[in-house]
Amino acid sequence: MPLEFPDWTWTQSESTVCIQLPLRGAAGTADIVSTERYLKVHQPPYLFEAFLFQPVDEAAGTARLTDTRVVISLPKKTPGLWTRLRADAGPEERRRLREEALRSHQEALSSGARLRAESKAEDSRYALRAMMELEEEERERIREMKESEREKMEAELSGLEAGGGGRSRKRRRPSSEAERPADAAPAGGSSREVPAPRAPGHIRVAFTPRAFPTALRESRVAEEEEQWLRKQAAARHVTADAAELQELQESQRNPDWLKDKADGCFRRGDHLGALSAYSLAIRLHPRVPALYSNRAACHLKLKNLHKAVEDASQQALDLLTPPVEANAAARARAHVRRGSALCQLQLYAEGLQDYQAALKISPADGALQADVRTIREVVQGRVDAGKPTR
């Protein structure tokens, strides 16, 4: 509940009432509401409220705040001396006067806000009109400057024409043959014949092939070589069943021993024996690509062409991954053997692709170059079908 201001005083004259209230706490701050019959001063926690004895002119009233007090001066509507400051009013009368005072105060605030808004809008319109007038003045000034410059240039041109009126103007030279008179000859005194169009021809351009090596930071050569070595080490593990291993000696389980034995049979011309040895080695070590490639060579000798294609493509070339320098020669041999089998099956276009792949791996191989030329001529129909030299 607010406290009433202590030690407040009031004085009057025939036309004015003056009220003084001491300020406490936050100096120089107070909320004041004044109407015709009501006065309220609020400085928390203090409150001064007075229902005035006679009506006053609140619009002409003043309030002056200092650090220690507030002085309110209210002109009387009816001159005369009051017997007291506050009127005797009951609770209902005070409530009615308070509500009327607050409503009147709110209307005054709203009216003041509306007037301020209208004044601000009027100021904005005035500023806009002033700006438009300045811009119009600037445009008018620019127009006058242009007109002045135009008149000055016209005067200068008139003076030039007046000074050079007796001289003949220079004739314009004809710019084309259409403007030249029919009886006029070209400069030089003789007619010039138009050269005939040039004969069409073709210019052949040959570009030197360039190989752009992959940057070392982007190369995967080391990673692919490591992967190839891991695959080779894993391929040497025996995968046959126990019953089949019991029939073989320890040396016969070695893929190198089996491969050497099969290679010896192949060199002696025992192609069936080599085929059996390679097949046994493949059952024990099915991930060694050289065994499939060599067995494909045996199938070529025995004219098992489809099996040669199967061993060279589905087994040897599939196992020779990733393509690294260590398995380049093996990949070239597998391509040649599959290409030879395809050519013997009369599939020359497919065989040419394998020979070209092998030549790309070994570009300096003269025999491969000759085979590629021969197969290409067969495909183009320039020679009779035959088989490559190997």
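Residues numbered from 1 in each chain as written. Predicted model: local features only at pLDDT ≥ 70, side-chain atom pairs only at ≥ 80, totals over all residues. Heavy atoms only, no water.

Per an unreviewed UniProt entry, the recorded name for the protein is CS domain-containing protein, and the organism is Tetraodon nigroviridis.

Visitor: What is the right way to look at the overall build of the protein in this model?
Guide: Helix and strand counts for the protein stand at ten helices and eight strands. By the burial criterion, 26% of the 390 residues in the protein qualify as buried. If you take every contact in the protein between residues at least 6 apart in sequence, the share linking residues at least 24 apart comes to 54%. Element-wise, carbon and sulfur atoms account for 53% of the exposed surface of the protein, whose accessible area totals about 27500 Å². (Helix = DSSP H or I, 4+ residues; strand = E, 2+ residues; numbered from the N terminus. Buried < 20%, exposed > 50% of the residue type's maximum accessible area, 1.4 Å probe, protein only. Contact = heavy atoms within 4.5 Å. Areas by Shrake-Rupley, 256 points an atom, 1.4 Å probe, with all protein chains shown as cover.)

Visitor: Explain the pairing of strand E4 (residues 31-34) here, please?
Guide: Taken residue by residue, a regular strand's side chains alternate between the two faces of the sheet. Bridge count for E4 against strand E5 (residues 38-43) is four bridges, and the pairing is antiparallel. Bridging from a neighbouring strand, aspartate 31 pairs with histidine 42 of E5. With antiparallel pairing between neighbouring strands as the criterion, E4 and E5 make up a hairpin whose turn holds three residues. (Pairing = 2+ DSSP bridges.)

Visitor: Is there a simple way to explain the packing of aromatic side chains in this structure?
Guide: Two aromatic rings are characterised by how far apart their centres lie and by the angle between their planes. Following the criterion strictly, the structure yields three aromatic pairs and no others. Their ring planes at 65 degrees and their centres at 4.9 Å tell us that tryptophan 8 and phenylalanine 48 sit as a pair that is edge-to-face. One end of the pair, tryptophan 8, is in the loop between strand E1 (3-4) and strand E2 (9-12); the other, phenylalanine 48, is in strand E6 (residues 46-51), and 40 residues separate them in sequence. On the basis of relative accessible area, tryptophan 8 is assigned to the partly exposed category, the value being 24%. The interplanar angle of 55 degrees and the centroid separation of 5.3 Å between the aromatic rings of tyrosine 38 and phenylalanine 51 together place this pair among those described as tilted. With tyrosine 38 in strand E5 and phenylalanine 51 in strand E6, the pair connects residues that are 13 residues apart, well separated along the chain. Summarising the burial analysis for this pair, tyrosine 38 and phenylalanine 51 share the class buried. (Phe/Tyr/Trp six-rings, centres within 6.5 Å; stacked < 30°, edge-to-face > 60°.)

Visitor: What is the right way to read the nonpolar core from this model?
Guide: It is characteristic of soluble globular proteins that their nonpolar side chains tend to be buried jointly. Core analysis: the biggest nonpolar cluster contains 17 residues, and Ile19, Leu21, Val41, Phe48, Leu52 and Leu85 have the highest contact counts within it. Those elements giving two or more residues to this core turn out to be strand E3 (16-22), E5, E6 and strand E8 (69-75). Those residues in contact with phenylalanine 48, other than ones at most four positions away along the chain, are Phe5, Trp8, Ile19, Leu21, Leu39, Lys40, Val41, Leu85 and Arg86. In this structure, Cys265, Leu291, Tyr292 and Leu319 belong to the second largest nonpolar core, which totals 16 residues. (Core = buried A, V, L, I, M, F, W, Y, C linked by side-chain atoms within 4.5 Å.)

Visitor: Just to check I follow, could you spell out the layout of surface pockets for this structure?
Guide: The gaps left among the atoms become clear once a water-sized probe is rolled over them. Its volume calculated, the second largest pocket comes out at about 220 Å³. As for the second largest pocket, its lining consists of ten residues, of which Glu4, Leu47, Glu49, Phe51 and Arg86 are closest to the centre. Residues that form the lining of the second largest pocket fall into these classes: six nonpolar, no polar and four charged. (1 Å grid on protein atoms, 1.4 Å probe; cavity = no way out; pocket = protein on both sides within 12 Å on 5 of 7 lines; lining within 4 Å. Points joined across faces, edges and corners; volume = space filled by probe spheres on them. Nonpolar A, V, L, I, M, F, W, Y, C, P; charged D, E, K, R; others polar.)

Visitor: Whenever I open this one, the side chain of arginine 295 confuses me. Can you help?
Guide: Summarising the element assignment, arginine 295 is placed in helix H6 (residues 289-301). For arginine 295, a relative accessible area of 16% translates into the label buried. Beyond its immediate sequence surroundings of up to four residues, arginine 295 is in contact with Leu275, Tyr278, Ser279, Ile282 and Asp311.

Visitor: So what exactly am I meant to see when it comes to the sheet that holds E3 here?
Guide: Strands belonging to one sheet form pairs held by backbone hydrogen bonds; the direction of such a pair is parallel or antiparallel. Strand order in the open sheet formed by four strands is E2-E3-E8-E7, with antiparallel pairing between adjacent strands. Each of the sheet's edge strands pairs with one partner strand only, and the pair in question is E2 and strand E7 (62-65). When the angles between neighbouring strand axes are averaged without regard to direction, this sheet yields 15 degrees. As defined by bridge partners, E7 adjoins E8 across four bridges and the pair is classed as antiparallel. The residue of E8 that forms the bridge with leucine 65 is valine 70. (Axes fitted to C-alpha atoms, helices over the stretch in contact; angles between N-to-C directions.)

Visitor: Can you help me understand the environment of lysine 261 in this one?
Guide: Relative to the helices and strands, lysine 261 resides in helix H4 (residues 255-267). Classification of lysine 261 by relative accessible area gives partly exposed; the value is 46%. Considering only alpha carbons, one finds lysine 261 and glycine 273, twelve residues apart in sequence, at a separation of 9.2 Å.

Visitor: I tried to follow the pattern of salt bridges on my own but got confused; where do I start?
Guide: Between side chains of opposite charge, a pair can form as their charged atoms come close. For the structure shown, the criterion picks out 16 salt bridges. Lysine 259 is the salt-bridge partner of aspartate 263, the closest N and O atoms lying 3.1 Å from each other. With aspartate 263 and lysine 259 both in helix H4 and four residues apart, this pair spans about one turn of that helix. Classification of aspartate 263 as buried rests on a relative accessible area of 15%. For lysine 259, a relative accessible area of 23% puts it in the partly exposed group. One salt-bridge network, held together by shared partners, links Glu136, Arg139, Glu140 and Arg143. (Salt bridge = Lys/Arg side-chain N within 4 Å of Asp/Glu carboxyl O.)

Visitor: Sorry, what's going on with the sheet that holds E5 here?
Guide: Pairing in this open sheet of four strands is mixed, and the strands run E1-E6-E5-E4 from one edge to the other. Both outer strands of the open sheet, E1 and E4, are each paired with one neighbouring strand and no more. The pairing of E1 with E6 spans two bridges and is parallel. Along E6, the bridge assignment pairs leucine 3 with tyrosine 46. Helix H1 (residues 91-163) rests against E4, E5 and E6 of the sheet, and its axis sits at about 105 degrees to E6.

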